[in-house]
Amino acid sequence: MAKPSVTETPPKPSAESLAEAARAASKAGRPPVHEWNPDFSGDIDMRIARDGTWYYLGSPIGRKPLVRLFSSILRREGDDYFLVTPVEKVGITVDDAPFLAVDFELENPGPDQTLTFVTNVGDMAVAGPQHPIRVERDAETGEPSPYVLIRDNLEALIDRKSFYRLVEIGTHEEAAGKSWFGLRSDGVFFPIIPSAEMPA
């Protein structure tokens, strides 16, 4: 009599298996994560803190190349974030935005200026129609949290020092019939705060 077949339990996802798959997929350029649709493999104990630091099993990942590798296979679906390879899809925790915009470059100051942001993982994006800037304000304190869309529905929180520099080059313009203080880049004006609410 033949023995009944035993279904093998697939190995639990790990940072090592994800990194190995990401390395293989990135040899031809940025991994095409949106073309991959593996089954959900469960969550993994990985977290991106608000300051852009990646943690695995509670400890910070100190190797920048490894962080860049993981960031290349990051995907957002609604409010959830996943690391995706051709064979695995694992959920991770993101405290705020997955990236941190740590600097920007201003070119052609004036009406035709562009703002090019660089993130903590080396991505670059020119703010504009494809990469909008948005600002959320804390309901209680009014403190702003500025973001710029980097790629594939993934945003970067603009760090404090960069935001202070941005405020210095901001302008007042009309938007939706109201005067706003905001930023201009690549032909688009991004409102930040109503002009009337600007500190004197």
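It should be noted that the structure appears before, not after, this text.
This is a predicted model, so every value here is computed, not measured.

The subject of this paragraph is the packing of aromatic side chains. Tallying each qualifying case throughout the model produces three aromatic pairs. When the ring of Phe104 is compared with that of Phe117, the centres are 5.8 Å apart and the planes differ by 40°; the resulting orientation is tilted. With a gap of 13 residues between them, Phe104 in strand E7 (residues 99–107) and Phe117 in strand E8 (residues 114–119) connect regions that are remote in the sequence. Across the pair, Phe117 and Phe104 agree in class, each one buried. Lys89 extends its terminal NZ or CZ atom over the ring of Phe82, reaching a point 4.6 Å from the ring centre.

The subject of this paragraph is the sheet that holds strand E4 (residues 74–77). The strands making up a sheet associate through backbone hydrogen bonding, with each pair oriented either parallel or antiparallel. Taken together, six strands build an open sheet; the order of strands is E3-E2-E1-E6-E5-E4 and the sheet is mixed. In this open sheet, the two strands that pair with only one neighbour each are strand E3 (59–60) and E4. Pairing between E4 and strand E5 (residues 80–84): four bridges, direction antiparallel. Across the sheet, the residue bridging to Leu74 is Leu83, located in E5.

Moving on, we come to the pattern of salt bridges. Scanning all chains against the criterion turns up 14 salt bridges. The closest approach of N and O atoms between Glu155 and Arg134, which form a salt bridge, is 2.7 Å. Linking Glu155 in strand E12 (residues 154–158) with Arg134 in strand E10 (residues 133–137), this pair joins segments that are 21 residues apart in sequence. Overall, Glu155 belongs to the buried group, its relative accessible area being 11%. On the accessibility criterion, Arg134 (31% relative accessible area) is partly exposed. Linked by salt bridges that have partners in common, Arg30, Asp123 and Arg151 make up one network.

About the thresholds
- Residues numbered from 1 in each chain as written.
- Predicted model: local features only at pLDDT ≥ 70, side-chain atom pairs only at ≥ 80, totals over all residues.
- Heavy atoms only, no water.
- Phe/Tyr/Trp six-rings, centres within 6.5 Å; stacked < 30°, edge-to-face > 60°.
- Helix = DSSP H or I, 4+ residues; strand = E, 2+ residues; numbered from the N terminus.
- Buried < 20%, exposed > 50% of the residue type's maximum accessible area, 1.4 Å probe, protein only.
- Lys NZ or Arg CZ within 6 Å of the ring centre and 35° of its normal.
- Pairing = 2+ DSSP bridges.
- Salt bridge = Lys/Arg side-chain N within 4 Å of Asp/Glu carboxyl O.

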